[in-house]
Amino acid sequence: MQGFIRYQFISYIRSLKIIPPATVFCVWLFLLYAYSNVPILSSYAVSSMAIYLVMTWLTMNVFSIEEEIEKNMLFVQLTSKTRYLFGKWGICLLFAVLFMALAILYPIVMGSFKGPIRPIHIGLSIYSHLILAWFGILIGTIFSVTSFATKKYSWLSALLVLTISLSYEGLSEKITVLKWLLLLFPPVTHVLIFLKDDEITQIDGDFLQLAIWVFLYSVIGTIVVVRMFLRKER
Amino acid sequence: MKKSAFEVCNVTKEIGGKKILNNINFTCEDYTSVAIRGSNGSGKSTLLKILAGIYEPSSGEVKRGNRKVGYVTEHFPENLRFKVKEYLTLTSSFQGTSKQHIEEELLDYIEMFNLHPYVDTPLKKCSKGTKQKVGLIQAIMRKPDLLLLDEPLTGLDSSTQNELFDLLENLKKQATIIFTTHEEKLIENLADSVFYIESGEFVCSPKKRVVQKLIKVKFSDPAIIEKLNLNDITYEGNTAFISVDASGSDELLLVLLNKQCSIMEVREKR
């Protein structure tokens, strides 16, 4: 697997496709912290949303760097299609961790926050960045390598899912009929809801309940995406 | 007795609602070489992809056990962003082989395929023939039990084709080889049996290639050879070149030796 991740990393870097999403993410971050004395958790909520969008974009790029023949050869060289998928996710996670480190450390280094940063802030920021990055990777994968990946509308469809998942709260309040349908979309707001009050001192039962739902969604989502990928590649 | 390398049982493949392969059945023994022939679009490449595990059959089954597969595509990918040596080192490392071991082995193949001038050339800038050689090396370096080649002669010049024949002939001792081709030359040189496929179906049963031996023999009296009633024979002075089925060659050699003839050479006929 290490060899394949190296192969993918070199191929992706040399394709130069990393430049647009990385640039957008960095510019977003620099603009976010252009002013000092900003609130801690709300700022991390914004950078988590940025990582969510950028990771969808990056994942769709990573899955589009090779042509069909190269993919076929990789299936044989890796002896398994699942290893191919996991290798691709490995590369996406590598960039997600880099982006996450930048998003969390940059404001601390620049002294942009209005108050002192506490371990709970760091814990919540790692949780939100990591989970939203994974949701982004899952959406990017769905619209790249499953039956939903029609060439014409895949980017538009991905954008639609991102928008709906980010506006979940408003939509479910105004159109109650959609409430159950919206459960299919990544529970982004369930993660961001706790990134509001900087005075938070400890996590409570509500947080744990939602975190369990988010964790379950991630696990089930991952299993479903793997199955959809294998079904498409039959 | 040779073991069955794999078994294809009632395999049907549909892509986009179109039936590409229909009820394909065949078995292949270990260390044999099989040619799959057929016109363009007959389903040869699809069958090869099913054997490689790239596609799965819509119905039916391919039993190949845990055999390691090497796969050579007809057209090597155009947009690989690696240099020749870098690509081969990376793809070989997928199996967890040490870098040092890979480099030692790679040197032999680079020598064999005359790739020295191109080792640091980006694959995008290589000729079709060079890319085809790289495609072959990546498959061989996997040390496959089953080597699948889709039109392997595409883009190779005649000297490289001959090198490939020799290489594949040697590989037959270590792996089962299945290839698709339109070229008679490859079938004559390599195939033990030939399958014909037309519109996704086997149109006739596999045809075993009859292996022939060429015996070069020196004689003192031409009557000795004439009495043997052999069909395929040519003369050069007091030397005869006799072609016989491999199965009967030992018996003939014994007869010739008993009649005081000198055996100069015995080889498989190509």
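Computed from a prediction, not measured in an experiment: that's the story for all the values here.

Engineer: Explain the overall build of chain A residue by residue, including any values.
Structural biologist: Helices and strands together make up the secondary structure of chain A, namely 10 helices and 0 strands. Each helix and strand of chain A, ordered N terminal to C terminal, gives the series α-α-α-α-α-α-α-α-α-α. Since a compact globule built from 234 residues should have a radius of gyration of about 17 Å, the 18 Å found for chain A is in line with a globular shape. Dimensions of chain A, computed from the C-alpha atoms along their principal axes, are close to 55 × 45 × 30 Å. Across the 234 residues in chain A, those meeting the buried criterion constitute 51%.

Engineer: Hey, could you go over the pattern of salt bridges for me, with residue numbers and the actual values?
Structural biologist: In the structure shown here, the tally under the stated rule is 11 salt bridges over all chains. Taking the shortest distance from any N to any O, the salt bridge between Lys88(A) and Glu66(A) comes out at 2.8 Å. Of this pair, Lys88(A) sits in helix 5 (residues 81-110) while Glu66(A) sits in the loop between helix 3 (40-62) and helix 4 (68-78); the two residues are 22 residues apart in sequence, bridging distant segments of the chain. A single burial state applies to Lys88(A) and to Glu66(A), both of which are buried. Ionic pairing is found between Glu56(B) and Lys81(A), a salt bridge with its closest N-O pair at 3.8 Å. Placement of the pair is Glu56(B) in the loop between helix 1 (44-52) and strand 4 (59-63) and Lys81(A) in helix 5, with the two residues belonging to separate chains. Accessibility expressed as a relative area gives 37% for Glu56(B), which makes it partly exposed. A cluster of three or more residues bridged by salt bridges with shared partners is formed by Glu68(A), Lys71(A) and Glu233(A).

Engineer: Tell me about the nonpolar core, residues and numbers included.
Structural biologist: Judged by nonpolar contacts, the single largest core of 140 residues is most densely connected at Tyr87(B) and Ile178(B). Looking at this core element by element, the count peaks at 13 residues for helix 6 (residues 119-145) of chain A. When residues no more than four places from it in sequence are discounted, the contact partners of Tyr87(B) are Tyr7(A), Met73(A), Gln77(A), Phe76(B), Leu80(B), Phe82(B), Leu123(B), Val134(B) and Gln138(B).

Engineer: A description of helix 1 (residues 2-15) of chain A should follow, citing residues and the corresponding values.
Structural biologist: With 14 residues, helix 1 of chain A should reach 20 Å at 1.5 Å per residue; the first-to-last C-alpha distance of 20 Å fits that figure. Buried within helix 1 of chain A are the following residues: Gly3(A), Phe4(A), Tyr7(A), Gln8(A), Ile10(A), Ser11(A), Tyr12(A) and Ser15(A). Elements that come into contact with the buried residues of helix 1 of chain A comprise helix 2 (19-32), helix 3, helix 4 and helix 5 of chain A together with helix 2 (84-93) of chain B. Phi turns positive one or two residues past the end of helix 1 of chain A, at Leu16(A), with a value near 65°.

Engineer: So what's going on with the domain arrangement of chain B? Residues and values would help.
Structural biologist: Here chain B is described as being made up of domain 1 (4-208) and domain 2 (212-268). Taking only C-alpha atoms into account, the centre of domain 1 of chain B sits 38 Å from that of domain 2 of chain B.

Engineer: Account for the interface of chain B and chain A, naming residues and giving values.
Structural biologist: With 26 residues of chain B in contact, the opposing surface of chain A contributes 24 residues. Here chain B and chain A share an interface that buries about 2,200 Å² over both sides, 59% of which is from carbon and sulfur atoms. Looking at the side of chain B facing chain A, the largest losses of area belong to Ile54(B), Arg81(B) and Phe94(B), adding up to 35% of the total buried there. Here chain B is connected to chain A by 2 salt bridges. On inspection of chain B and its partner chain A, the count reaches 12 residue pairs in polar contact (both at pLDDT 80 or more). The set of elements that each furnish at least two residues to the side of chain B that touches chain A consists of helix 1, strand 5 (69-72) and helix 2 of chain B. Broken down by element, the residue count for the side of chain B that touches chain A peaks at 5 residues, all from helix 2 of chain B.

Engineer: Which residues make up the packing of aromatic side chains, and what values go with them?
Structural biologist: Each aromatic ring pair is specified by the distance between its two centres and by the angle formed by the two planes. Residue and element names in this part refer to chain B. Inspection of the entire model under this criterion finds 26 aromatic pairs over all chains. On the numbers, 4.6 Å between centres and 45° between planes, the contact of Phe-26 with Phe-195 is tilted. Separated by 169 residues along the polypeptide, Phe-26 in strand 2 (residues 18-29) and Phe-195 in strand 8 (residues 193-198) bring together distant segments of the chain. Phe-195 matches Phe-26 in its accessibility class, with the two residues each being buried.

What counts, and where the lines are drawn
- Residues numbered from 1 in each chain as written.
- Chains lettered and ligands numbered in written order.
- Predicted model: local features only at pLDDT ≥ 70, side-chain atom pairs only at ≥ 80, totals over all residues.
- Heavy atoms only, no water.
- Helix = DSSP H or I, 4+ residues; strand = E, 2+ residues; numbered from the N terminus.
- Rg over C-alpha atoms; globule rule 2.2 N^0.38 Å.
- Buried < 20%, exposed > 50% of the residue type's maximum accessible area, 1.4 Å probe, protein only.
- Salt bridge = Lys/Arg side-chain N within 4 Å of Asp/Glu carboxyl O.
- Core = buried A, V, L, I, M, F, W, Y, C linked by side-chain atoms within 4.5 Å.
- Contact = heavy atoms within 4.5 Å.
- Expected span 1.5 Å × (residues − 1).
- Domains from an automatic or database assignment.
- Buried area = accessible area lost by both parts, 1.4 Å probe.
- Polar contact = N/O pair within 3.5 Å; in protein donor to acceptor, adjacent residues only side chain to side chain.
- Phe/Tyr/Trp six-rings, centres within 6.5 Å; stacked < 30°, edge-to-face > 60°.

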